[in-house]
Amino acid sequence: MNIDDYTSYFHDGSIINICHDEENIILSMESAEISPEENLHNIDLSENNTIKGKLHVEDVSSVLEGDELTPVQLKMLYDSAGILHFKIVETTVWLDVEWVNYPPHPEITAYSFYVIKGNKIWWENIPDLYDPFG
């Protein structure tokens with residue numbers, strides 16, 4: 001499935017989980033709520049009228065963070081990851097994240113700005129994807 005037409009709906013959505021091995025990244029994600037008239041391709045939505053699933057980035061060549069674009073291993077840094085910006089162009093993903101911790105962890109809000117490059121990017125739609133915080 002091609003998610004490119006719907007990346008703007010992930011603003012105010014969330015990252016549920018991140019799996020990053022040596023070659024691939026899988027981002028479990030959920031969009032903000034989508035109205036029926038916005039669902040132009042009749043995507044199967046979650047019970048909350050969101051797009052929920054996994055973004056697969058295969059054969060990752062680089063994951064860069066911040067203004068200086070330093071290499072990083074992508075992982076969940078805190079309890080929650082809100083999506084501020086999400087864009088896919090060909091084989092590159094731009095992802096801006098707001099990280100938040102919940103009690104009993106120390107209260108923290110932090111921001112990360114990622115550029116992920118791979119050879120293949122595809123979306124696996126999973127409307128009933130488990131979200132431990134949802």
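Residues numbered from 1 in each chain as written. Predicted model: local features only at pLDDT ≥ 70, side-chain atom pairs only at ≥ 80, totals over all residues. Heavy atoms only, no water.

### Notes on the packing of aromatic side chains
We apply this condition: Aromatic contacts are taken between Phe, Tyr and Trp rings whose centres are within 6.5 Å, Trp giving its six-membered ring; a plane angle under 30 degrees counts as stacked, one over 60 as edge-to-face, and the others as tilted. Using a 1.4 Å probe on the protein chains alone, a residue whose accessible area is under 20% of its type maximum counts as buried, one over 50% counts as exposed, and one in between counts as partly exposed. Only DSSP runs of H or I covering at least 4 residues are called helices, and only runs of E covering at least 2 are called strands; the numbering of each starts at the N terminus.
Enumeration according to the criterion identifies 3 aromatic pairs in this entry. Residues Tyr6 and Tyr9 carry aromatic rings whose centres are separated by 5.9 Å and whose planes lie at 40° to one another, so their mutual orientation is tilted. Under the relative-accessibility criterion, Tyr6 is labelled buried at 3%. With a centroid separation of 5.6 Å and 70° between ring planes, the pair formed by Phe10 and Trp123 is classed as edge-to-face. With Phe10 in the segment before β1 (14–20) and Trp123 in strand β9 (residues 120–125), this pair connects stretches of sequence that are 113 residues apart.

### Section: the nonpolar core
Definition in use: Residues belong to one nonpolar core when they are buried, are Ala, Val, Leu, Ile, Met, Phe, Trp, Tyr or Cys, and are joined through side-chain atoms within 4.5 Å. For this analysis, residues touch if any pair of their heavy atoms sits within 4.5 Å.
Counting residues in each nonpolar core, the largest one holds 28 residues, and the members touching the most others are Leu27, Met29, Leu55, Phe86, Val93, Leu95 and Ile116. Listed by contribution, the elements that provide at least two residues to this core are β1, β2 (25–30), β3 (52–58), β6 (80–89), β7 (92–100), β8 (109–117) and β9. If we skip the residues at most four places from it in the chain, Ile116 touches Ile25, Leu27, Val57, Ser62, Val63, Leu74, Thr91, Thr92 and Val93.

### Some words on the environment of Asp4
Topologically, Asp4 is positioned in the segment before β1. Separated by 78 residues in sequence, Asp4 and Gly82 have C-alpha atoms that sit 19 Å apart.

### Focus on the sheet that holds β2
Cut-off, in case you're wondering: Two strands are counted as paired when DSSP detects at least two bridges linking them.
The 9 strands lie next to each other as β5-β4-β8-β7-β6-β1-β2-β3-β9, forming an open sheet whose pairing is antiparallel. Of all strands in the sheet, those with a lone pairing partner are β5 (70–71) and β9, marking the two edges. Judged from the 6 bridges that link them, β1 and β2 form a sheet pairing that is antiparallel. The partner of Ile15 across the bridge, within β2, is Met29.

### Observations concerning a nonpolar patch on the surface
As a reminder of what qualifies: Patch definition: residues above 30% relative accessible area lacking any salt bridge, with like charges linked at up to 9 Å and the nonpolar side chains Val, Leu, Ile, Met, Phe, Trp and Tyr linked at up to 5 Å. Throughout, the Shrake-Rupley method with a 1.4 Å probe supplies accessible areas, and for residues the shown protein chains are the sole cover considered. Salt bridges, as used here, are contacts in which a Lys or Arg side-chain nitrogen is within 4 Å of a carboxyl oxygen on Asp or Glu.
A grouping of Leu84, Tyr111 and Phe113 is seen on the molecular surface, where their side chains present a nonpolar patch of about 270 Å² in accessible area. Mapped onto the elements of the fold, Tyr111 is located in strand β8. Under the relative-accessibility criterion, Tyr111 is labelled partly exposed at 45%.

### Some points on the side chain of Ser46
Note the threshold: Counting of polar contacts relies on pairs of N or O atoms within 3.5 Å, with two restrictions inside protein: one atom must be capable of donating a hydrogen and the other of accepting it, and residues adjacent in sequence are counted only when both atoms are side-chain atoms.
Relative to the assigned elements, Ser46 resides in the loop between β2 and β3. Separated by 2.5 Å, the side chains of Ser46 and Thr50 make a polar contact. When residues no more than four places from it in sequence are discounted, the contact partners of Ser46 are Glu30, Lys52 and Pro127.

### Digging into the pairing of β2
Of all the 6 residues making up β2, 5 are buried; the element is thus mostly covered by neighbouring parts of the structure. Counted along the chain from β1 to the antiparallel partner β2, the turn is 4 residues long. Bridging between β2 and β3 involves 6 bridges; their strand directions are antiparallel. Across the sheet, residue Ile25 finds its bridge partner in β3, namely Val57.

These figures capture arrangement, not role.
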